[in-house]
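Descriptive structure summary
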Amino acid sequence: MSQANNLFSTPFVVDQLQSEAGLAMLREAVEAEMARDAGGVTISNIGGWHSNTQMVDWGGEAARALAYKAMTMADAQTVDVRSPQESRFGWIPEMWANVNRKGDANQYHTHPGSFWSAVAYLDDGYAGDDDPALGGELQLLDPRMPMIRMTAPDLRLLDGSGQAMPSEVSFRPKTGMIVMFPSWLQHAVRPFHGEGTRISIAINLIPALKKPA
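With that settled, the discussion passes to the overall build of the chain. Looking only at helices and strands, the chain has 3 helices and 11 strands in total. Counted from the first residue to the last, the chain has its helices and strands arranged as β-α-β-β-α-α-β-β-β-β-β-β-β-β. Computed over its C-alpha atoms, the radius of gyration of the chain comes to 19 Å, within 12% of the 17 Å expected for a compact globule of 213 residues. Each principal axis of the C-alpha distribution contributes one length, and for the chain these read about 65 × 55 × 30 Å. Expressed as a percentage of the 213 residues in the chain, the buried residues total 39%. Within the chain, counting contacts between residues at least 6 apart in sequence, those at least 24 apart form 86% of the total.

Okay, here's the thing in structure tokens:
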């Protein structure tokens, strides 16, 4: 009997932020920056507010603590194959805030130049409502691009449990959650239809060789 080996899996890491005080401090920093720069920038966002990418500077101690959390998660999921016992690389964080209200979304994109990307959810905007019609899911696209151009789109490969592999995965965030994935993974945010306000912080981690001791 033939044996199938599932190769080239894509990591998607989920963790929880533990400090309620830290979440409140981050929210205050985001609201203050939004008041200072109401226009923000437009990159992948369709509507909503997107800050500049300097939140490590203007976000204060809580932002730096969040960046450290993301770097700790990245360290746990990464190995330097030439120096597996002690990596020669550190991380340079880049951070920004997103604020989405009803109808806002983010189109599919990647983060070139980074290695890991993370999203921390200060407020999911659902106000405890589990209705899937509220949208706002994080969408992850299968990175094996040739597959979507094959001649039989209704056929699916089977995964290790015998289930059909999806070409797209939806992930519903929760307040206080932080997720991390490779920066090359295409991702988007479905239109948000909640009555609340979705506040999230995105982080890119750029690898850099450490300076010799």
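Once you've had a look at it, read on.
With that out of the way, let us pick up the pattern of salt bridges. A full pass over the atoms with the stated rule returns 8 salt bridges. Glu31 is the partner of Arg27 in a salt bridge, and the nearest nitrogen-oxygen pair spans 3.2 Å. One end of the pair, Arg27, and the other, Glu31, are both in helix H1 (residues 20-36), 4 residues apart, so they sit about a helical turn from each other. What makes Arg27 partly exposed here is its relative accessible area of 29%. Measuring nitrogen to oxygen at the nearest pair gives 2.8 Å for the salt bridge that ties Asp123 to Arg27. Within this pair, whereas Asp123 is found in strand S6 (residues 116-123), its partner Arg27 is found in helix H1, the two being separated by 96 residues in sequence. Salt bridges sharing common partners tie together Arg27, Glu31 and Asp123.

In this fold, Asn204 is placed in strand S11 (residues 198-209). A distance of 3.4 Å separates a polar atom in the side chain of Asn204 from a polar atom in the side chain of His111. Engagement of the side chain of Asn204 in a polar contact is seen with the side chain of Ser117, the distance being 2.8 Å.

What follows is about H1. With 17 residues, H1 extends 25 Å between its outermost C-alpha atoms, agreeing within 8% with the 24 Å of an ideal straight helix rising 1.5 Å per residue. For H1, the complete set of buried residues consists of Gly22, Leu23, Leu26, Ala29, Val30 and Glu33. All buried residues of H1 lie within an arc of 125 degrees about the axis, which places them on one face of the element. Exposed side chains of H1 directed beyond 90 degrees from the buried face belong to Glu20, Ala21, Glu28 and Ala35. The inward-facing, buried residues of H1 contact strand S3 (49-50), helix H2 (55-58), helix H3 (60-76), strand S4 (89-100), S6 and S11.

Within the element layout of this structure, Gly113 appears in the loop between strand S5 (105-109) and S6. A sequence separation of 11 residues divides Gly113 from Asp124, and the C-alpha atoms of the two residues are 28 Å apart.

Ordered by their spatial adjacency, 6 strands build an open sheet running S1-S9-S6-S11-S4-S3, and the pairing between neighbours is antiparallel. Each of the sheet's edge strands pairs with one partner strand only, and the pair in question is strand S1 (13-16) and S3. Across 2 bridges, S3 lies against S4 in antiparallel orientation. Within S4, the residue paired with His50 across the bridge is Asn98. Of the strands in this sheet, S3, S4, S6 and S11 are in contact with H1, which crosses S6 at around 95 degrees.

So, how was this worked out
Every chain begins its residue count from 1, and numbering advances along the sequence as written. With the structure being a predicted model, the display of local features is reserved for residues of pLDDT at least 70 and the display and counting of side-chain atom pairs for 80 or more, all residues being used for whole-chain, interface and lining totals. Neither water nor hydrogens contribute to the side-chain values; these are computed over all heavy atoms in the structure. In this text, helices come from DSSP runs of H or I with a minimum length of four residues, and strands from runs of E with a minimum of two, each type numbered from the N-terminal end. To get the radius of gyration, use the C-alpha atoms; to get the globule rule, take the number of residues to the power 0.38 and multiply by 2.2 Å. Relative accessible area decides the class of each residue, using a 1.4 Å probe on protein chains only: under 20% of the type maximum gives buried, over 50% gives exposed, and in between gives partly exposed. Working rule for contacts: check all heavy atoms of both residues, and any pair within 4.5 Å makes them a contact. Whenever Lys or Arg places a side-chain nitrogen within 4 Å of a carboxyl oxygen from Asp or Glu, that contact is recorded as a salt bridge. Here a polar contact is recorded for every N or O atom pair within 3.5 Å, except that within protein the pair must consist of a potential hydrogen donor and a potential acceptor, and residues adjacent in sequence are included only if both atoms are side-chain atoms. Residue count minus one, scaled by 1.5 Å, sets the expected span of a helix. Think of the arc as the fan of directions from the helix axis to the C-beta atoms. Pairing between strands requires that DSSP locate at least two bridges from one strand to the other. Every axis corresponds to a line fitted to the C-alpha atoms, with the helix fit spanning only the stretch in contact, and the corresponding angles, defined between N-to-C directions, vary from 0 to 180 degrees.

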